[in-house]
Amino acid sequence: QVLLVESGGGLVQAGGSLRLTCVASGRTFPMYTMGWFRQAPGKEREFVARISWSGDRTSYADSVKGRFTISKDNAKNTVYLQMNSLKPEDTAVYYCAAGTTPTGTFSSWGQGTQVTVSS
């Protein structure tokens, strides 16, 4: 079982930046992918970004391309989400996720961290 703990959420004005951090512990090997999802009030959870364990492949939701950057530090079992040019519509609970099988399916989830962007 992989334990994921997120941090870095908070309140920021529109146009500002935040960096989310997710630390993985427990059964972290093998790990094939890690990612970020978000859920706004009254909406379904949606994909934000993902990165391969090697770090050579990333993908993003269209809504965050050019503004968010996902990165990782394998030595620290940590994945980051740098969020720039934040918009009020980015307000949500952000969840870290990990995939421990070659299919890339996310099977472990963190508890979430709140991001609130004021206009």
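Residues numbered from 1 in each chain as written. Predicted model: local features only at pLDDT ≥ 70, side-chain atom pairs only at ≥ 80, totals over all residues. Heavy atoms only, no water.

Asker: How would you sum up the state of the cysteines? Please name residues and give values.
Answerer: In protein structure, a disulfide is the covalent linkage between the sulfur atoms of two cysteines. Counting across every chain of the model gives 1 disulfide. Each disulfide pairs two cysteine sulfurs, and for Cys22 the partner residue is Cys96, the sulfurs being separated by 2.1 Å. The sign of the S-S torsion, about -80°, decides the handedness of the disulfide formed by Cys22 and Cys96: left-handed. Taken together, the positions of Cys22 in strand S3 (residues 18-26) and Cys96 in strand S9 (residues 92-99) put the pair 74 residues apart, joining distant regions of the chain. The buried category is assigned to Cys22, whose relative accessible area is 0%. According to the relative accessible area criterion, Cys96 is buried, its value standing at 0%. (Disulfide = S-S within 2.5 Å. Helix = DSSP H or I, 4+ residues; strand = E, 2+ residues; numbered from the N terminus. Buried < 20%, exposed > 50% of the residue type's maximum accessible area, 1.4 Å probe, protein only.)

Asker: Give me the pattern of salt bridges: which residues, what numbers.
Answerer: Applying the stated criterion to the full structure yields 5 salt bridges. Asp56 is the salt-bridge partner of Arg57, the closest N and O atoms lying 3.8 Å from each other. Judged by relative accessible area, which is 57%, Asp56 ranks as exposed. Asp62 is the partner of Lys65 in a salt bridge, and the nearest nitrogen-oxygen pair spans 3.2 Å. The pair formed by Lys65 and Asp62 is uniform in burial state, with each residue classed as exposed. (Salt bridge = Lys/Arg side-chain N within 4 Å of Asp/Glu carboxyl O.)

Asker: Hey, could you go over the sheet that holds strand S1 (residues 2-7) for me, with residue numbers and the actual values?
Answerer: The strand order across the open sheet built from 4 strands is S1-S3-S8-S7, with neighbouring strands paired in antiparallel fashion. Edge positions in the sheet fall to S1 and strand S7 (68-73), since each has one partner strand and no second. Strand-to-strand, the axes of this sheet are offset by a mean angle of 20°, without reference to chain direction. Sheet topology places S1 next to S3; 6 bridges connect them, and they run antiparallel. (Pairing = 2+ DSSP bridges. Axes fitted to C-alpha atoms, helices over the stretch in contact; angles between N-to-C directions.)

Asker: Outline the packing of aromatic side chains, listing residues and values.
Answerer: Counting across every chain of the model gives 4 aromatic pairs. Taking the centre distance of 6.3 Å and the plane angle of 55° together, the rings of Phe106 and Trp109 count as tilted. For Phe106, a relative accessible area of 14% puts it in the buried group. Connected via pairs of aromatic rings, a cluster forms that spans Phe37, Phe47, Phe106 and Trp109. The ring of Tyr95 carries Arg45 above its face, with NZ or CZ at 3.9 Å from the centroid. The ring of Trp109 is capped by Arg45, whose NZ or CZ atom sits 4.8 Å from the centre of that ring. (Phe/Tyr/Trp six-rings, centres within 6.5 Å; stacked < 30°, edge-to-face > 60°. Lys NZ or Arg CZ within 6 Å of the ring centre and 35° of its normal.)

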